[in-house]
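Breakdown of the fold
What follows is the residue order along each chain.
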Amino acid sequence: MATAGAYSAVSPAVPEWLNKGDNAWQMTASTLVSIQSVPGLVILYGSIVKKKWAVNSAFMALYAFAAVLICWVLVCYRMAFGDKLLPFWGKGAPALGQKFLIRQARVPETGSDPFYPMASLVYFQFTFAAITLILLAGSVLGRMNIRAWMAFVPLWLIFSYTVGAFSLWGGGFLYQWDVIDYSGGYVIHLSSGIAGLTAAYWVGPRLKSDRERFPPNNVLLMLAGAGLLWMGWSGFNGGAPYAANVAASIAVLNTNICAATSLLVWTSLDVIFFKKPSVIGAVQGMMTGLVCITPGAGVVQSWAAIVMGILSGSIPWVSMMILHKKSKLLLKIDDTLGVFHTHAVAGLLGGLLTGLLAEPALCRLLKPGTNTRGAFYGGNGGKQFLKQIVAALFVAGWNVVVTTLILVAIKLFIPLRMPDEELVIGDDAVHGEEAYALWGDGERYDPTKHDPAKQGRHVSSSYSGEISQSPYGNGARGVTVEL
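Residues numbered from 1 in each chain as written. Predicted model: local features only at pLDDT ≥ 70, side-chain atom pairs only at ≥ 80, totals over all residues. Heavy atoms only, no water.

Concerning the overall build of the protein chain
Note the threshold: Put simply, DSSP marks the helices as runs of H or I at least four residues long and the strands as runs of E at least two long, and each gets a number from the N terminus on. Burial status follows relative accessibility: with a 1.4 Å probe on protein chains alone, a residue under 20% of its type maximum counts as buried, one over 50% as exposed, and anything between as partly exposed. We call two residues in contact when some of their heavy atoms are within 4.5 Å.
For the protein chain, the count of helices and strands is 20 helices and two strands. Within the protein chain, buried positions represent 54% of all 483 residues. Contacts in the protein chain between residues far apart in sequence, at least 24 positions, make up 75% of those at least 6 positions apart.

Quick look at the environment of Ile 194
Tracing the sequence through the fold places Ile 194 in helix α8 (residues 185-203). On the accessibility criterion, Ile 194 (12% relative accessible area) is buried. Through-space distance from the C-alpha of Ile 194 to that of Ala 396 is 6.1 Å; in sequence the pair is 202 residues apart. Filtering out sequence-adjacent residues up to four positions away, Ile 194 remains in contact with Phe 340, Ala 344, Ala 396, Asn 399 and Val 400.

Some remarks on the pattern of salt bridges
What counts here: The rule for a salt bridge is simple: a side-chain nitrogen of Lys or Arg has to be within 4 Å of a carboxyl oxygen of Asp or Glu.
In the structure shown here, the tally under the stated rule is nine salt bridges. The partner of Arg 417 in a salt bridge is Asp 420, with the nearest N and O atoms 3.0 Å apart. Here Arg 417 falls in the partly exposed class, since its relative accessible area comes to 24%. Salt bridges sharing partners connect three or more residues here, namely Arg 143, Arg 206, Arg 211 and Asp 334.

Concerning the layout of surface pockets
Convention followed: Points on a 1 Å grid over protein atoms alone make up a cavity when a 1.4 Å probe fits among them but cannot get out, and a pocket when they form an open set with protein on both sides within 12 Å along at least five of seven lines; lining residues each have an atom within 4 Å of a point. Grid points are joined across faces, edges and corners, and a volume is the space filled by probe spheres set on the points. Residue type decides the class: Asp, Glu, Lys and Arg count as charged, Ala, Val, Leu, Ile, Met, Phe, Trp, Tyr, Cys and Pro as nonpolar, and the leftover types, Gly among them, as polar.
Within this model, the largest pocket holds a volume of roughly 1000 Å³. Lining the largest pocket are 38 residues, with Ile 280, Gln 284, Met 320, Thr 336 and Leu 337 positioned closest to its centre. For the lining of the largest pocket, the secondary structure elements donating two or more residues are α2 (20-48), α9 (208-212), α11 (246-274), α12 (279-293), α13 (302-326) and α15 (339-357). Broken down by class, the residue content of the lining of the largest pocket amounts to 19 nonpolar, 10 polar and nine charged. Of the volumes computed, that of the second largest pocket is approximately 770 Å³. Looking at the second largest pocket, it is lined by 33 residues, and the ones nearest its centre are Tyr 175, Ala 240, Tyr 242, Leu 366 and Lys 367. Elements that contribute at least two residues to the lining of the second largest pocket include exactly α5 (118-137) and α16 (360-366). Residues of the lining of the second largest pocket, tallied by class, amount to 20 nonpolar, eight polar and five charged.

Focus: the packing of aromatic side chains
Worth spelling out the cut-off: Within 6.5 Å between ring centres, the rings of Phe, Tyr and Trp (the latter by its six-membered ring) count as paired, and their orientation is classed by plane angle as stacked under 30 degrees, edge-to-face over 60, tilted in between. Charge over a ring is defined by NZ of Lys or CZ of Arg lying within 6 Å of the ring centre and within 35 degrees of the ring normal.
In the structure shown here, the tally under the stated rule is 21 aromatic pairs. Ring centres 5.3 Å apart and planes at 85° place the aromatic pair Tyr 201 and Trp 202 in the edge-to-face group. Exposure remark for Trp 202: the relative accessible area of 31% places this residue in the partly exposed category. Above the plane of the ring of Phe 100 lies Arg 78, whose end atom (NZ or CZ) is 4.5 Å from the centre. In this structure, Lys 367 is placed above the aromatic ring of Tyr 175, and the distance from its NZ or CZ to the ring centre is 4.2 Å.

Overview of α15
One full turn of an α-helix is made of 3.6 residues, so residues set three or four places apart face in the same direction. Rule in force here: Under the convention used throughout, the expected extent of a helix is 1.5 Å for every residue step, that is, one less than its residue count.
Over its 19 residues, α15 extends 25 Å from the first C-alpha to the last, a length consistent with the 27 Å expected when each residue adds 1.5 Å. With 17 of its 19 residues buried, α15 lies for the most part within the structure.

Details of the packing of helix α3 (residues 54-81) against helix α6 (residues 146-168)
As a reminder, the rule being used: Note on geometry: axes are C-alpha line fits, over the in-contact stretch for helices, and angles between N-to-C directions span 0 to 180 degrees. Orientation labels follow simple angle bins: below 35 degrees gives roughly parallel, above 145 gives roughly antiparallel, 65 to 115 gives roughly perpendicular, and whatever is left gives oblique. Two helices crossing with the near one rotated counterclockwise from the far one by less than a right angle form a left-handed crossing, whereas a clockwise rotation gives a right-handed crossing.
Look at α3 against α6: their axes get within 9 Å of each other, and the N-to-C directions meet at 40°. Between α3 and α6, the angle is such that the two are oblique. Here α3 runs over α6; the crossing is right-handed. Considered class by class, the residues forming the contact of α3 with α6 number 22 nonpolar, two polar and no charged.

Let's talk about the confidence of the model for the protein chain
The condition that has to hold: The pLDDT value expresses, per residue, how confident the predictor is, ranging between 0 and 100.
Per-residue pLDDT for the protein chain averages 90, and the proportion of residues at 70 or more is 88%. Within the model, the stretch residues 454-470 combines pLDDT values under 50 with 32 contacts to residues more than four positions away or in other chains. Low pLDDT, under 50, characterises residues 472-483; the predicted model gives this stretch 38 contacts beyond four residues in sequence or across chains.

Quick look at empty space enclosed by the protein
Inspection of every chain in the model, using the stated rule, returns two cavities of 30 Å³ or more. The wall of the largest cavity is formed by Ser 160, Tyr 161, Val 163, Gly 164, Tyr 186, Val 187, Ser 191, Phe 394, Val 395, Trp 398 and Asn 399. Listed by contribution, the elements that provide at least two residues to the lining of the largest cavity are α6, α8 and α17 (381-411). Among the residues making up the lining of the largest cavity, the classes are represented as seven nonpolar, four polar and no charged.

Brief notes about the environment of Ile 146
With respect to the helices and strands, the residue Ile 146 is situated in helix α6. When residues no more than four places from it in sequence are discounted, the contact partners of Ile 146 are Asn 56, Phe 59, Met 60, Val 430 and His 431.

With respect to the side chain of Thr 370
By the element assignment, Thr 370 lies in the loop between α16 and α17. Discounting residues that sit within four places of it in the chain, Thr 370 has contacts with Cys 363 and Arg 364.

A few points about unusual backbone geometry
Between Val 38 and Pro 39 the backbone carries a cis peptide bond, its omega angle lying at 15°. Turning to its location among the elements, Pro 39 is positioned in helix α2. Phi is positive for Asp 178, which is not a glycine, with a value near 65°. Looking at the secondary structure, you find Asp 178 in the loop between α7 (173-176) and α8. The phi dihedral of Lys 275 falls on the positive side, at around 70°, and the residue is not glycine. Locating Lys 275 in the fold gives a position in the loop between α11 and α12.

What follows is the structure in C-alpha cells.
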C-alpha cells in the first residue's frame, strides 16, 4: 500500500498527470545544464584567458546567465515555445503566473505534453538559452565593452535565439518540415558560432599584444571548467526527450562516446603535427565532439557516434589549425576562443551527419508515426539531408543579419570596444578588481593601500621599486618592482 500511495495522486501537489520520475529527471537535467554555465563556463572562461582578462571574462558569463533568466520568464519563453505568431516566431508573453506554471507542460504548436509542470519545462529551456549567449561571449572576450555586452544579451535573446528555438523546436516551419535538431546543434551551437564570429567582426580585435600572446592563466582550473561542461552534457542531451525514457539513455551514452572519441582524435593530430599533446587542444576536441553529437544524440546508433567523434575531432581541427591561417577573412576577425570552429563548424557538421546517420527506429522514439531517416538508410533520407542543409542556411543567415543589426544599433549609443587605455590594463581598469593578488601584465599599484611606508610599517632597505598610483579604483593590488 505504501508503494501504491507513493505513485498515486494523493494531494493537490501530485496531480494525476504528473510522472514523478520524468519530473525528477527533468529538474536534474536542468541543474546539470545550469552547472555547465555557472560555474562551468564561468570557470573555463576565467582561466583560459590571459590573467588580466580573467575577471571580465568570467563576469560576462555570469551576467548573461542572470539576464537571460529574467528576460526568459518575462517574454522570451513563449516567443520560443508558445502559440504561433509567425512561421518562425511565437507570441511573446510572461511565463510567471501561477496557473500557467503549475499546469501540465505543453508545447502548443508541436502537441508535446510532458508529464510534469510547465515550471519544469520553462526552467529547462532557459538553461539552453543562457548557455547559448555564454558560448557566444567566447568570441568577444578581451575587448568588448561590458556595457555594450549588457545591452546585447537581452536584444540577441529576443530577436535571434527565440527565432531559431521556435522554428526548430517550438513548432515553427522547420519543425513542421521534420528537420532534425535533437538538442541544439543548430539552435544553440551553429547560432552561437555564427553570431559570435559576426560580433567579433563588429566589435573589432583585441590589442595586438593580446592577439600574439594570450596564454591561459590557470590550466588546471580550465580543466575543471571543461570537466563540468562535459559531465553536464548528460543533462543537456539526456533532457531533450522531455522524459526519463529510452531515447534519453541512448542520448547520454552517445554523447559521451562522441566526446571521448573526438578528444582522442584531436590530441592525436596535435601529437602528429606539433609533436606534443596540447591540453587546450584536448579541451577543444572534447568540445567539438559534444557539439557534433548534439543534433543527433538520440537518433543515431552508438557506432555512428564514434564516426561522428572521428570527424568532429578532425574536421574542426583542420578548419582551426590550417584553413583559418589561410583565410584572410578569418585572420582579420578576432574570434578569441575560436567559437566559430568549435561550435559553428562542429554544429553544422553534426547537423549534416545527422541527416546522413539518423536511424529510422530511433527517430520514431521521438516522433512516433513519422518516417524520418538519414540518407544512409534509403527511402526519403536524401530529402532529409537536403532539409538539414536548408535549415543550417536559415539559422546562419538569420544570425548574421540580426546580430549585425543589433550591434550597429547598440553602437549608436555605446562603444562596442573598450578604449585602448582600458585594454592595456584589463580587469583593473574595467572592474577595479583582479583575479589574483600577483603582479605584472600591466596592472598598477595603489600606494595609499599598499605602501608600507605610508602605513607606518618597516620598509626593507633592499626595496628599490618604483611605485605608480592606479587611477582605476580599489581592486586587489600588488607591488611593481623595477629590476
